[in-house]
Amino acid sequence: MNEEGDRMVHKAIENPDKYVLKPQREGGGNNLYGAELRMKLIQMRKTEERCGYILMDKIVASSYPNYMIMDCVGKKDLVISELGIFGVCLTRGNTLIENYASGHLHRVKSSEVDEGGIMSGTGAVTSPLLI
């Protein structure tokens, strides 16, 4: 809670579609967007509850046509994707022992949804074409 945080909260209240408000907890979901984000920030503007959230710029990803197979039914849709790179960083004190990329996960979801999750049925795992 400081002046910079107050400024960012004010900016997000004025332009809620440019931000995502994420609770600091395990697991996905429960992110707030648009009008819900605005109302939550107004509600907790000057309270310590605000420290339990992360305010982030909303990434506006390019969409592209693709087929998603959900419940054994293929459907062509405009989708957006997210590529997550997993890494290993192992240290002993200040000594670096290992640091390398150890895998990836490529997810897609319909461009029509904010919250897209594989477990919630609004997203899917896919394989990227690496060139």
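Everything below is about the structure shown above.
The following refers to the structure shown. (Residues numbered from 1 in each chain as written. Predicted model: local features only at pLDDT ≥ 70, side-chain atom pairs only at ≥ 80, totals over all residues. Heavy atoms only, no water.)

Before going further, it helps to spend a moment on the overall build of the chain. A count of helices and strands for the chain gives 2 helices and 6 strands. Across the chain, helices and strands are ordered from the amino to the carboxyl terminus as α-β-α-β-β-β-β-β. Taken over C-alpha atoms, the radius of gyration comes to 18 Å for the chain, far larger than the 14 Å a tight globule of 131 residues would show. Dimensions of the chain along its principal axes, counting C-alpha atoms only, are 45 × 45 × 25 Å. Within the span of the chain, comprising 131 residues, buried residues form 21% of the whole. The long-range fraction of contacts in the chain, counting pairs at least 24 apart against all pairs at least 6 apart in sequence, stands at 45%. Of the roughly 9800 Å² of accessible surface on the chain, a fraction of 53% belongs to carbon and sulfur atoms. (Helix = DSSP H or I, 4+ residues; strand = E, 2+ residues; numbered from the N terminus. Rg over C-alpha atoms; globule rule 2.2 N^0.38 Å. Buried < 20%, exposed > 50% of the residue type's maximum accessible area, 1.4 Å probe, protein only. Contact = heavy atoms within 4.5 Å. Areas by Shrake-Rupley, 256 points an atom, 1.4 Å probe, with all protein chains shown as cover.)

With their axes 9 Å apart at the nearest point, helix H1 (residues 3-14) and helix H2 (residues 34-44) run at an angle of 140° to one another. The hand of the H1/H2 crossing is left-handed. Residue-level inspection shows Val9, Ala12 and Ile13 of H1 in contact with H2, the latter providing Leu37, Arg38, Leu41 and Ile42. Its residues assigned to classes, the contact of H1 with H2 comprises 6 nonpolar, no polar and 1 charged. (Axes fitted to C-alpha atoms, helices over the stretch in contact; angles between N-to-C directions. Left-handed = near helix turned anticlockwise from the far one by under 90°. Nonpolar A, V, L, I, M, F, W, Y, C, P; charged D, E, K, R; others polar.)

What follows concerns the pattern of salt bridges. Counted according to the given criterion, the structure contains 5 salt bridges. Between Asp6 and Arg50 there is a salt bridge, with its nearest N and O atoms 2.9 Å apart. One end of the pair, Asp6, is in helix H1; the other, Arg50, is in the loop between H2 and strand E2 (53-57), and 44 residues separate them in sequence. Measuring nitrogen to oxygen at the nearest pair gives 2.9 Å for the salt bridge that ties Glu49 to Lys40. Looking at Lys40, the relative accessible area reads 15%, which means it is buried. Put simply, Asp6, Lys46 and Arg50 are held in one network by salt bridges that share partners. (Salt bridge = Lys/Arg side-chain N within 4 Å of Asp/Glu carboxyl O.)

Before going further, it helps to examine H2. All of the buried residues in H2 are Gly34, Leu37, Lys40, Leu41 and Met44. Each buried residue of H2 sits inside an arc of 125° when the element is viewed along its axis, so together they form one side. The exposed set on the far side of H2, more than 90 degrees from its buried face, consists of Ala35, Glu36, Met39 and Gln43. (Arc of directions from axis to C-beta.)

It is worth spelling out the sheet that holds strand E5 (residues 95-110) at this point. Spatially, E3-E4-E5-E6 is the arrangement adopted by the 4 strands of the open sheet, whose pairing is antiparallel. Edge positions in the sheet fall to strand E3 (64-70) and strand E6 (123-126), since each of these pairs with one other strand and no more. Neighbour to neighbour, the strand axes of the sheet diverge by 50° on average, direction disregarded. (Pairing = 2+ DSSP bridges.)

Turning our attention to the pairing of strand E1 (residues 19-23). Counting buried residues along E1, 4 of its 5 residues qualify, which places the element largely inside the surrounding structure. Relative to E2, E1 runs antiparallel, the two sharing 5 bridges. Each residue of the ladder has a partner; that of Tyr19, found in E2, is Asp57.

We now examine the nonpolar core. If you look at the biggest cluster of nonpolar residues, it comprises 9 residues: Val9, Ala12, Ile13, Tyr19, Leu21, Leu32, Leu37, Leu41 and Met44. For this core, the secondary structure elements donating two or more residues are H1, E1 and H2. Ile13 has contacts with Arg38, Leu41, Ile42 and Arg45, leaving out every residue within four places of it along the chain. (Core = buried A, V, L, I, M, F, W, Y, C linked by side-chain atoms within 4.5 Å.)

For E3 and strand E4 (residues 73-92), the ladder comprises 7 bridges, and the chain directions are antiparallel. Residue Asn66 lies in a different strand from E4, and its bridge partner there is Asp77. Linking E3 to E4, which pair antiparallel, is a turn of 2 residues; within it Asp71 sits at a positive phi near 55°.

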